[in-house]
Amino acid sequence: MDTSLDPLPMHGRDLGVNADDWVEPPEPEQEAKQEILENKDVVVQHVNIQGLGRTKEDLLGYEISDVFHAKNLIDVMKKAHVARQRLLRLGIFNEVEVLIDTSEGADALPNGLDVTFEVTEIKRLTGSYNTMVGNNEGSMVLGLKLPNMFGRAEKLTFQFSYGTKETSYGLSFFKPQPGHFERNWDKDFSNRVLHLAVLPQFPLGMTNHTLKWEGVWRELGCLARSASFAVREESGHSLKSALSHTVSIDSRNSAIFPSRGALLRINQELAGYTGGDASFLKEDFELQLNRRLFWDSVLSASLWGGMLYPIGGQPSCIADRFYLGGPTSVRGFGMYSIGPQSEGDYLGGEAYWAGGLHLYTPLPFRPGKGGFGDLFRTHFFLNAGNLCNLNYGEGPRAHLQKLAECIRWSYGAGIVLRLGNIARLELNYCVPMGVQSGDRICDGVQFGAGIRFL
């Protein structure tokens, strides 16, 4: 039996009702107010924050104060977005939402606006597990954090780190203040270091400046039986109190794989005048130039250098000297294995320089172009450097002559992998040259991981 259904009629009975009658026409007053907000100045009358629990309102006043200075609707939206970012950077909120509405109430102005921030506070206790990559070392870090302890973005953090070179634990306390000052107390179990630092940072024109005072209590202990006498005689406690200043100019388009721009960083550190038993003046610099060539290749040149001047006639401490060598500086040599030594222990030096010339190119045949393949580069390099102690009774010419003696250098090629925009891995085939007696070399394949490379 074949049955079919006729389609329903497209038009029903005429009920005498027009569809447009169901839409309420906008009120003239509402239309006028909308036109005022879009085309004329506005006034932010109220800024409300909803969802606060243990957070003190006075902490947030500085972060949202610019919203009151907005003059039009677009300006209100921009300043509210900036205020939202500031609130999130405090590290005490999981979420921050912004609502903008017209003012209501007896005191509402025709062009008045109310801005409301809806916040969700972070939990009182959080934990973390992560891995860290430093300069040719890695570690597993377990942490506990008490954020917003007293309601003003204070943070107490405990960390336990198990690494390839050392095992340590740390306790730090952070409290934000105007000017972004930071206080840290860190204790390193392997070297028994107690560290206190105050770090104001500020831009000045094209430069960024960091002023730092730090007090460090150090103990060199747990020495191996094979430790040399030069190391043993420096074992024990030492206290360093130092003022330092760092200025930097960075025009690079990337910190890991820059294709253009330059970096200049100069650091000065003065210890001894604010207490402690370490007295010295230490200066070092870093210079990097980058230029794009043909076929997406990049030529990069780097130069590092530094000098340490003991003050008061006392010798410098092994913990304050410079160290050179390894996959992050002069490739083809062991980690920190260039310069003065005693019975197989490398003691560091009071002056050094290191230079590098690098050619980075895409992978051959460009596999994974536009995706995963862009994280890799082929790497051709030429490195050189030297580290030594100076006789400060001699003149600058004698110092330069000594730095020019016994230059270690190396060349090679390899592959570089970028890890985000904070670190990178290198696998290079190295040919060390200019090797001196006692230097530990890595002739052949060398692996490096870190955040700062020559």
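Residues numbered from 1 in each chain as written. Predicted model: local features only at pLDDT ≥ 70, side-chain atom pairs only at ≥ 80, totals over all residues. Heavy atoms only, no water.

Looking at an unreviewed UniProt entry, the protein carries the name Sorting and assembly machinery component 50 homolog, like, with the source organism given as Lates calcarifer. Recorded under Subcellular location (unreviewed entry), the UniProt text for the protein is reproduced unchanged: "Mitochondrion outer membrane". (UniProt positions renumbered as here; feature names shortened; annotations may be inferred.)

Trainee: Help me understand the overall build of the protein, please; the structure alone is not making it clear to me.
Mentor: Along its length, the protein carries five helices and 22 strands. Residues classed as buried in the protein amount to 36% of the 454 residues present. When contacts within the protein are restricted to residue pairs at least 6 apart in sequence, long-range pairs at least 24 apart make up 55% of them. In the structure as shown, the protein presents an accessible area of about 26,900 Å², 58% of it carried by carbon and sulfur atoms. (Helix = DSSP H or I, 4+ residues; strand = E, 2+ residues; numbered from the N terminus. Buried < 20%, exposed > 50% of the residue type's maximum accessible area, 1.4 Å probe, protein only. Contact = heavy atoms within 4.5 Å. Areas by Shrake-Rupley, 256 points an atom, 1.4 Å probe, with all protein chains shown as cover.)

Trainee: Looking at this structure, how should I read the confidence of the model for the protein?
Mentor: When pLDDT drops low, the exact placement of atoms in the prediction is not to be read closely. Summarising the model, the protein shows a mean pLDDT of 79, and 80% of its residues fall at 70 or more. A low-confidence stretch, residues 1-23 (pLDDT under 50), is modelled with one contact involving residues beyond four sequence positions or located in other chains. Taken together, the stretch residues 178-194 has pLDDT below 50 and engages in 57 contacts with residues farther than four places along the chain or on a different chain. (pLDDT = per-residue confidence, 0-100.)

Trainee: I keep staring at the environment of Thr 102 and nothing clicks. Help me out?
Mentor: Take Thr 102: it is sitting in strand β2 (residues 93-102). On a C-alpha basis, the gap between Thr 102 and Val 115 in space is 8.7 Å, while along the polypeptide they are 13 residues apart. Here Asp 101 takes part through its side chain, which lies 3.5 Å from a polar atom of the side chain of Thr 102. (Polar contact = N/O pair within 3.5 Å; in protein donor to acceptor, adjacent residues only side chain to side chain.)

Trainee: Would you mind showing me how to read the pattern of salt bridges here?
Mentor: Should the charged atoms of two oppositely charged side chains come close, the side chains can pair. By the definition in use, this model includes eleven salt bridges. Among the salt bridges present, the one from Arg 292 reaches Asp 296, with a minimum N-O distance of 3.6 Å. Residue classification places Arg 292 among the partly exposed positions, given a relative accessible area of 44%. According to the relative accessible area criterion, Asp 296 is partly exposed, its value standing at 38%. Here the residues in one salt-bridge network are Arg 265, Glu 286 and Arg 452, joined through shared partners. (Salt bridge = Lys/Arg side-chain N within 4 Å of Asp/Glu carboxyl O.)

Trainee: Sorry if this is basic, but what is going on with the pairing of strand β15 (residues 298-310) here?
Mentor: Across a regular strand the side chains alternate sides, sitting on one face of the sheet and then on the other. Pairing between strand β14 (residues 280-292) and β15: 13 bridges, direction antiparallel. Bridged to Arg 291 within β15 is Leu 299. Hairpin remark: β14 followed by β15, antiparallel, with five residues in the connecting loop; positive phi at Trp 295, about 55 degrees. Bridge analysis of β15 against strand β18 (residues 351-361) gives ten bridges, and the strand direction is antiparallel. The partner of Ser 302 across the bridge, within β18, is Gly 356. (Pairing = 2+ DSSP bridges.)

Trainee: Help me out: how do you make sense of the packing of aromatic side chains in this one?
Mentor: The geometry of an aromatic ring pair is captured by two quantities: the separation of the ring centres and the angle between the planes. Under the criterion given, the structure shown has five aromatic pairs. Between Phe 257 and Tyr 360, the aromatic rings sit 6.5 Å apart at their centres with planes inclined by 45 degrees, giving tilted as the arrangement. Here Tyr 360 lies in strand β18 and Phe 257 lies in the loop between β12 (236-250) and β13 (261-276), a separation of 103 residues in the sequence. With respect to burial, Phe 257 and Tyr 360 carry one shared label: buried. (Phe/Tyr/Trp six-rings, centres within 6.5 Å; stacked < 30°, edge-to-face > 60°.)

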